[in-house]
Amino acid sequence: MSKDIFEKCNDFKNMLRAFLLNDAEMSNINSSLDLTKEEDLDYLAYDFYVGGGPINNGGPTMTSENGKHYYQFSTNDYLGLSQNKDIHDFSVEFMRKYTIGSPMGSRLLSGSIPLHRQFEAEIAEFKKTEECLTFSTGANAMLGAVACLADKEDLLILDQLAHASLNCGAKISGAEIKRFKHNDLNELEDILKKSDSKKGKLIVIDGVYSMTGDIAPLKEICDLKDKYGGRLFMDDAHGNGVLGINGGGLAELEGLEERIDVQAGTFSKAFGSNGGFIAANRNVIEFIGFWAPTLMFTKAPSALTTAVNMKALEIIKSGYRLRKKLYENTSYLQNKLLSMGFDLGDTCTPISPITFSGHIAIYLCHELRNNYGIWVSPVVYPAIPLGKSVIRVISTILHTKEHMDYFCESLCEAYNKV
Ligand code: PMP
């Protein structure tokens, strides 16, 4: 009999069980969730992660399909723009003129509309680059751009924690791939020093790291790429709208816009919507526009999301007060968690990764969801290294002190129970 390609799917739950039971702390856990039982494993594999989700999860509260209300701390709606009334009213009005499907077609065929170009010019100005291209998701922007910028003659050098979409693009590109330890400048320099000078080199980093909340040592990385003649690609999905006086991200915060060769981002975080972008000089953008598989072979971003993202950009550019509030809330939450003894690693942004050894985060999230009406999600391998689990908590401007107090106290109580 020939091997069935679906064998891994049929075996998935056994793999999941083996992986979870490997955790030494399993035996001491006090939880209504018993992962040795088939039905609990089923619940974890499907309902907990994929199904049973909320209807509207922007803002600090949400309602699930069964009408249950939760406080939530797990979306990246940093500035609360997914709930912004002006944007909401504008989008309802906009939809009176357009259909949900417009424009039909991919950007290269019939799908480009003047609104795309207008928005792209605004983003290019915002990021202080010559040109910009928008994509239907952030992951499409990252994956497509990295996949086409490098080929088998080139070397891609990625931070070990660079986002999965960048790693997927790197794999597809066919280029040689090397990874340096997270934010380790010595390892990066070593790779650059030993690299073949005949190969084109692209360093690929995040600005703000999504699972750790820390930032890249940008100036030093720029110095290294100049010293060794490489280029730099920065995905600042979590920095755009959040860092810098005008919300221009890590590049603006550090005044380094001109030294970054490719600046990328999403509209699914601070913009509160959907989509992604790549900003760079004209030649690079024209090349990506022609070769990125995730632009050429997929439908153009919708007119509605493009118009909504333009509105969000206006708010972000003048949103100094919103960012100030975001940082006040972040300090309040992080100081409280730290004072309770929780480990937040090196975060310096509104991403608070509460880190545990073993898989405790799974049980804690289950407990918080079922007994405290709090929706947070556990992060486990492969999103983070084996042996740890994280509850990634995101503060937004819409969380009040009462929400944050309730969360911290509930987490503490649940932690003492499991
Ligand atoms: N880059 C980073 C750093 C991200 O965190 C994300 C979202 N998880 C993406 C890219 C992809 O963005 P999107 O959700 O818009 O596809």
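Note that this is a predicted model, so its numbers are computed, not measured. (Residues numbered from 1 in each chain as written. Predicted model: local features only at pLDDT ≥ 70, side-chain atom pairs only at ≥ 80, totals over all residues. Heavy atoms only, no water.)

Draft legend 1. Structural context of the side chain of Thr-347. Structurally, the position occupied by Thr-347 is in the loop between α15 (320–339) and β11 (351–357). Polar side-chain contacts of Thr-347 include one of 3.2 Å to the backbone oxygen of Thr-349. A distance of 2.5 Å separates the side chain of Thr-347 from the backbone oxygen of Ile-351, its partner in a polar contact. In this view, Thr-347 contacts Thr-212, Gly-213, Asp-214, Gln-334 and Pro-353; residues no more than four positions away in its chain are not counted. (Helix = DSSP H or I, 4+ residues; strand = E, 2+ residues; numbered from the N terminus. Polar contact = N/O pair within 3.5 Å; in protein donor to acceptor, adjacent residues only side chain to side chain. Contact = heavy atoms within 4.5 Å.)

Draft legend 2. Unusual backbone geometry, seen in detail. Cis geometry marks the peptide bond from Ser-102 to Pro-103; its omega dihedral reads 0 degrees. Among the structural elements, Pro-103 can be located in the loop between α4 (85–94) and α5 (107–111). Its identity is not glycine, yet Lys-128 carries a phi of approximately 55 degrees, on the positive side. Along the chain, the position of Lys-128 falls in the loop between α6 (114–126) and β4 (131–135).

Draft legend 3. Geometry of the pattern of salt bridges. The full count for this structure, using the stated rule, is 24 salt bridges. Residue Glu-176 pairs with Lys-178 through a salt bridge whose shortest N-O separation is 3.4 Å. Here Glu-176 falls in the partly exposed class, since its relative accessible area comes to 30%. You can call Lys-178 partly exposed: its relative accessible area is 35%. For Lys-198, the salt bridge goes to Asp-196, with nearest N and O atoms at 4.0 Å. Classification of Asp-196 as partly exposed rests on a relative accessible area of 36%. Connected through salt bridges with shared partners, the residues Lys-219, Asp-223, Lys-225, Asp-226, Arg-231, Arg-259 and Asp-261 form a single ionic network. (Salt bridge = Lys/Arg side-chain N within 4 Å of Asp/Glu carboxyl O. Buried < 20%, exposed > 50% of the residue type's maximum accessible area, 1.4 Å probe, protein only.)

Draft legend 4. Seen up close, the sheet that holds strand β7 (residues 201–206). Taken in spatial order, the 7 strands of this open sheet run β4-β10-β9-β8-β7-β5-β6, and their pairing is mixed. At either end of the open sheet lies a strand with only one pairing partner, and these are β4 and β6 (176–180). Going across the sheet, the axis of each strand differs from the next one's by a mean of 20 degrees, ignoring polarity. The sheet contacts of helix α10 (residues 218–228) involve β7 and β8 (231–235), and relative to β8 the element is tilted by about 155 degrees. Across the sheet, helix α12 (residues 282–291) lies against β4, β9 (262–266) and β10 (276–280), angled at about 25 degrees from β4, the strand it touches most. (Pairing = 2+ DSSP bridges. Axes fitted to C-alpha atoms, helices over the stretch in contact; angles between N-to-C directions.)

Draft legend 5. Region of interest: the site of the ligand. With respect to spatial proximity, 14 residues lie near the ligand, and among them Gly-138, Ala-139, Asp-235, His-238 and Lys-269 are the closest. Gly-138 has a polar backbone atom sitting 2.9 Å from an oxygen atom of the ligand. For the ligand, the accessible surface in isolation is 400 Å², of which the surrounding protein chains cover 81%. For the shell around the ligand, the residue count by class is 2 nonpolar, 9 polar and 3 charged. (Near = heavy atom within 4 Å. Areas by Shrake-Rupley, 256 points an atom, 1.4 Å probe, with all protein chains shown as cover. Nonpolar A, V, L, I, M, F, W, Y, C, P; charged D, E, K, R; others polar.)

Draft legend 6. Quick look at the packing of aromatic side chains. The tally for this structure, following the rule as stated, stands at 13 aromatic pairs. Aromatic side chains Phe-290 and Trp-291 sit 5.5 Å apart centroid to centroid with 75 degrees between the ring planes, which places their arrangement in the edge-to-face category. Its relative accessible area of 48% is what places Trp-291 among the partly exposed residues. Over the aromatic face of Trp-375 sits the side chain of Arg-369, whose NZ or CZ is 3.7 Å from the ring centroid. (Phe/Tyr/Trp six-rings, centres within 6.5 Å; stacked < 30°, edge-to-face > 60°. Lys NZ or Arg CZ within 6 Å of the ring centre and 35° of its normal.)

Draft legend 7. Region of the structure containing the sheet that holds strand β13 (residues 378–379). A sheet is described by the order of its strands in space; here 3 strands give the open sequence β11-β14-β13, paired in antiparallel fashion. At either end of the open sheet lies a strand with only one pairing partner, and these are β11 and β13. The strands that helix α16 (residues 360–371) touches are β11, β13 and β14 (388–394); relative to β14, the one it contacts most, it runs at about 45 degrees.

Draft legend 8. Layout of the pairing of strand β2 (residues 61–64). Burial along β2 is one-sided: the face carrying Met-62 and Ser-64 is buried and the face carrying Thr-61 and Thr-63 is not. For β2 and strand β3 (residues 69–72), the ladder comprises 3 bridges, and the chain directions are antiparallel. Bridge pairing links Met-62 to Tyr-70 in β3. Connecting β2 to the antiparallel partner β3 that follows it, the hairpin turn spans 4 residues, and Gly-67 within it adopts a positive phi of roughly 85 degrees.

Draft legend 9. Examining the nonpolar core more closely. The biggest cluster of nonpolar side chains holds 51 residues, and the ones touching the most others in it are Ile-123, Ile-203, Ile-205 and Leu-218. Residue contributions to this core peak at 8 residues, all from helix α14 (residues 303–317). In contact with Leu-218, not counting residues within four places along its chain, are Ile-205, Leu-232, Met-234, Leu-250, Ala-251, Glu-254, Leu-256 and Ile-260. (Core = buried A, V, L, I, M, F, W, Y, C linked by side-chain atoms within 4.5 Å.)

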